[in-house]
Amino acid sequence: MDRHIAVVTLLESFDLGKNTAQNAGIEIKVFDKGSQKKRGPQLGTIRIGQGSFAWWAKSAKLETKNGKRSPTLRLGWTEFADIMEKMVNDRR
């Protein structure tokens, strides 16, 4: 089984049930495990907030000189739940 490292950053002090700020949520940078002394390359970034789950592929930058970049994939929670349910059913 592949192993990965996740670095989690709290974007703002928040409560998912109460906060509506655009940058509220958590950010998870996912890295390949690499060797014992250093982590491998970054695989991508996940942002989880009150309204959505967003993924930036490893080649995408979250912020550019012109501001924030759109995610590679953005899903509302209903869409995310549907995909997870399908994956569970496909594994059976």
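Now for a quick tour of the structure. On a predicted model such as this, the values are computed, not experimentally measured, just so you know.

Basis of the calculations
Each residue is numbered by its place in its chain's sequence as written, counting from 1. Where local features are concerned, this predicted model is filtered to residues with pLDDT of at least 70; where side-chain atom pairs are given and counted, the filter is 80 or more; whole-chain, interface and lining totals use all residues. The basis for every side-chain value is the complete set of non-hydrogen atoms in the structure, without hydrogens or water. Centre distance within 6.5 Å is the pairing criterion for rings of Phe, Tyr and Trp, where only the six-membered ring of Trp is used; planes under 30 degrees apart are then read as stacked, over 60 as edge-to-face, and the remainder as tilted. Helix and strand assignments come from DSSP, with helices taken as H or I runs of at least 4 residues and strands as E runs of at least 2, each series counted from the N terminus. When accessible area is computed with a 1.4 Å probe and restricted to protein chains, residues below 20% of their type maximum are described as buried, those above 50% as exposed, and intermediate ones as partly exposed. What we call a nonpolar core is a set of buried Ala, Val, Leu, Ile, Met, Phe, Trp, Tyr and Cys residues that are connected through their side-chain atoms within 4.5 Å. Contacts were defined at the residue level, with two residues in contact if any of their heavy atoms lie within 4.5 Å.

## Here we look at the packing of aromatic side chains
So, point 1. Taken as a whole and assessed by the stated rule, the structure comprises 3 aromatic pairs.
So, point 2. Here Trp77 and Phe80 contribute two aromatic rings whose centre-to-centre distance is 5.5 Å and whose plane-to-plane angle is 85 degrees, an arrangement assigned as edge-to-face. Within this pair, Trp77 and its partner Phe80 are both found in helix α1 (residues 77-91), separated by 3 residues, close to a single helical turn.
So, point 3. Its relative accessible area of 32% is what places Trp77 among the partly exposed residues.
So, point 4. Of the aromatic side chains, those joined through ring pairs into one cluster are Phe53, Trp77 and Phe80.

## Observations regarding the nonpolar core
So, point 1. Among the nonpolar cores identified, the biggest contains 6 residues, and these are Ile28, Val30, Ile46, Phe53, Leu75 and Phe80.
So, point 2. Once residues within four sequence positions are removed from consideration, Ile46 is found in contact with Ile26, Glu27, Ile28, Val30, Phe53, Ala54 and Trp55.

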